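Coordinate analysis (summary)
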Amino acid sequence: MEHPLCCFCGGTRPATTLDHIPPKACFPVGFWPDQFEFPSCSQCNNGTSRHDTIFGYYSMLLDFNEANRTAKDRDRLLHLGEEIRKRYPEALPDVTTLKPVYRVGRLFAPAPVAISLARKPTMNEAVQTIGEKLAHALYYREMKKILTRNHRFFASAYQIQDPSTHTLTDYFKQQFPDLTIGARSSIKSYGSRFAYRSGFKSEEDFFIFAAQFGYGLILWGMVLGAGIEVDPSNGALKDMRWRNGGCGLGSEAPS
Ligand SMILES: [Zn+2]
């Protein structure tokens, strides 16, 4: 009753379901974090199920937090892998491109701290879709209002182990020290599975977020209110995939 409209398609449709963002597929069964359920129309909720599965699989596969390698995690990963093999085989990782990563910033580790693999278009598409959904969900959670078509926004992703992204990670840590940690009250040793940082300037309707999946994938993005433009001298930001909010993330996006 308090959340009558879908927060993913710009408030244009009534919310008839609760959508889990991050998707349940990012966690072992029963480990989805409390309070990350969002009002959604059925199109926005069900329209991304393929992306949920593919993103969930990669977010778990690329998590190098040893504590998140329990039997429950392994079961989940195997199950997701099977589902992808059956239903979306084109999204399976190309194991011939697997490379161990030994370096974290300027430090070299004796054992691999991560793997890198060539990103397939199907994986990119899933990461993009879930990143865009997360942008809508976190904006709604923090700003208590809907990201609409009058907003411009982007969502992007990187692996925390990638040395070229450490400046960005440090920037988030320094600028937005408050970390919101996903957890589940019924599970005592929940571990570090999902957390995010965010910041905003209400007068410009500016919002920024970075969300981390274990010790692996980071999804981050930015939202700008109507009439605010990206500084054209900022090449990195200008080149992001900016689009209008409320874009309808389901298979039947509103036109
Ligand atoms: Zn919707």
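Structure first, text after, so check above.
Conventions we followed
Residue indices follow the written sequence of each chain, beginning from 1 at its first position. Residue-level local features of this predicted model are given only where pLDDT is at least 70; pairs of side-chain atoms are given and counted only at 80 or more, and the full residue set underlies all totals for whole chains, interfaces and linings. In computing side-chain properties, one takes all heavy atoms of the structure into account and sets aside hydrogens as well as water. Each helix corresponds to a stretch of at least 4 residues labelled H or I by DSSP, and each strand to a stretch of at least 2 residues labelled E; elements are numbered beginning at the N terminus. Our radius of gyration is a C-alpha quantity, and the globule rule it is checked against amounts to 2.2 Å times the number of residues to the power 0.38. The buried label goes to any residue with under 20% of its type's maximum accessible area, the exposed label to any with over 50%, and the partly exposed label to all in between, with areas taken from a 1.4 Å probe on protein chains only. We call two residues in contact whenever any of their non-hydrogen atoms come within 4.5 Å of each other. Only the protein chains shown count as covering a residue, and every accessible area follows the Shrake-Rupley method with a 1.4 Å probe. Charge assignment: positive for Lys and Arg, negative for Asp and Glu; neither His nor the chain ends contribute. Lys charges are placed at NZ, Arg charges at CZ, Asp charges at CG and Glu charges at CD. By salt bridge we mean one thing: a side-chain nitrogen of Lys or Arg within 4 Å of a carboxyl oxygen of Asp or Glu. Listed donors are limited to N, O and S atoms within 2.8 Å of the metal, widened to 3.2 Å for Na, K and Ca; water is not among them, so incomplete-looking sites are possible. Only two sets of limits are used to name each site, 85 to 135 degrees for every angle of a tetrahedral four-donor site, and over 155 degrees for opposite donors with all other angles from 65 to 115 for a square planar four-donor or octahedral six-donor site, with any other site named irregular. Ring pairs are drawn from Phe, Tyr and Trp, using the six-membered ring of Trp, whenever the two centres fall within 6.5 Å, and their geometry is named by plane angle: stacked under 30 degrees, edge-to-face over 60, tilted for the rest. Geometrically, a charge over a ring is one whose NZ (Lys) or CZ (Arg) sits within 6 Å of the ring centre while staying within 35 degrees of the ring normal.

To continue, consider the overall build of the protein. Within the protein, the regular secondary structure consists of six helices and twelve strands. For the protein, whose C-alpha radius of gyration is 18 Å, the value lies close to the compact-globule estimate of 18 Å for 255 residues. With respect to the three principal axes, the spread of C-alpha positions in the protein is 50 × 40 × 35 Å. In the protein, which comprises 255 residues, the share counted as buried stands at 49%. Taking all contacts inside the protein whose residues are at least 6 apart in sequence as the whole, residues at least 24 apart take part in 66%. Summing over all exposed atoms, the protein offers an accessible surface of approximately 12,800 Å²; the carbon and sulfur share of this is 53%. Separation between the mean location of the 30 positive side-chain charges and that of the 26 negative ones in the protein comes to 3 Å.

Before going further, it helps to spend a moment on the pattern of salt bridges. For the structure shown, the criterion picks out nine salt bridges. Across the pair R184 and D34 runs a salt bridge whose closest N-O atoms are separated by 3.1 Å. Taken together, the residues span a long stretch of sequence, with R184 in the loop between β8 (180-181) and β9 (194-201) and D34 in the loop between β1 (17-20) and β2 (37-40) at a distance of 150 residues. Two residues, E204 and K201, come together in a salt bridge whose shortest N-O distance is 3.7 Å.

Here we take up the side chain of S40. Take S40: it is sitting in strand β2. What makes S40 buried here is its relative accessible area of 0%. With sequence-adjacent residues up to four places away left out, S40 is seen in contact with C6, F8, A15, T16, T17, D19 and N45.

For a metal with four tetrahedral donors the ideal donor-metal-donor angle is 109.5 degrees, whereas six octahedral donors ideally subtend 90 or 180 degrees. Here the zinc ion is held by C6 (SG), C9 (SG), C41 (SG) and C44 (SG), and the distances to it run 2.3 to 2.4 Å. One can describe the site at the zinc ion as tetrahedral: its four donor atoms subtend angles covering 99 to 116° at the metal. Every donor residue of the zinc ion comes from the same chain, spaced as C-x2-C-x31-C-x2-C. Remark: C44 occurs in helix α1 (residues 42-46) and C6 occurs in the segment before β1; sequence separation between them is 38 residues. With relative accessibility at 0%, the residue C6 sits in the buried group.

Our next topic: unusual backbone geometry. Here the residue pair I21 and P22 is connected by a cis peptide bond, since its omega of 0° sits within 30 degrees of zero. Along the chain, the position of P22 falls in the loop between β1 and β2. Here the phi dihedral of D205 falls at roughly 55°; this positive angle occurs in a residue that is not glycine. Within the secondary structure, D205 sits in the loop between β9 and β10 (206-213).

Moving on to the environment of L80. The residue L80 is located in helix α3 (residues 71-87) in this model. What makes L80 buried here is its relative accessible area of 2%. Aside from chain neighbours lying at most four places away, what touches L80 is A25, T53, G56, Y57 and M60.

Going through the model one piece at a time under the given rule, you end up with 15 aromatic pairs. Ring centres of F154 and W242 lie 4.9 Å apart, and the angle between their planes is 75°; this geometry places the pair in the edge-to-face category. Linking F154 in strand β7 (residues 152-159) with W242 in the loop between α6 (235-238) and β12 (243-244), this pair joins segments that are 88 residues apart in sequence. As far as the burial class goes, F154 and W242 line up, both buried. When the ring of F172 is compared with that of W220, the centres are 5.8 Å apart and the planes differ by 70°; the resulting orientation is edge-to-face. Highlighted residues: F172 in helix α5 (residues 166-175) and W220 in strand β11 (residues 217-224), separated in sequence by 48 residues. Relative accessible area serves as the criterion here: at 3%, F172 is assigned to the buried category. Classification of W220 by relative accessible area gives buried; the value is 7%. The positively charged end of R69 is found above the aromatic ring belonging to F64, 5.2 Å away from the centroid. Sitting over the face of the ring of F36, R141 holds its NZ or CZ atom 4.1 Å from the ring centroid.

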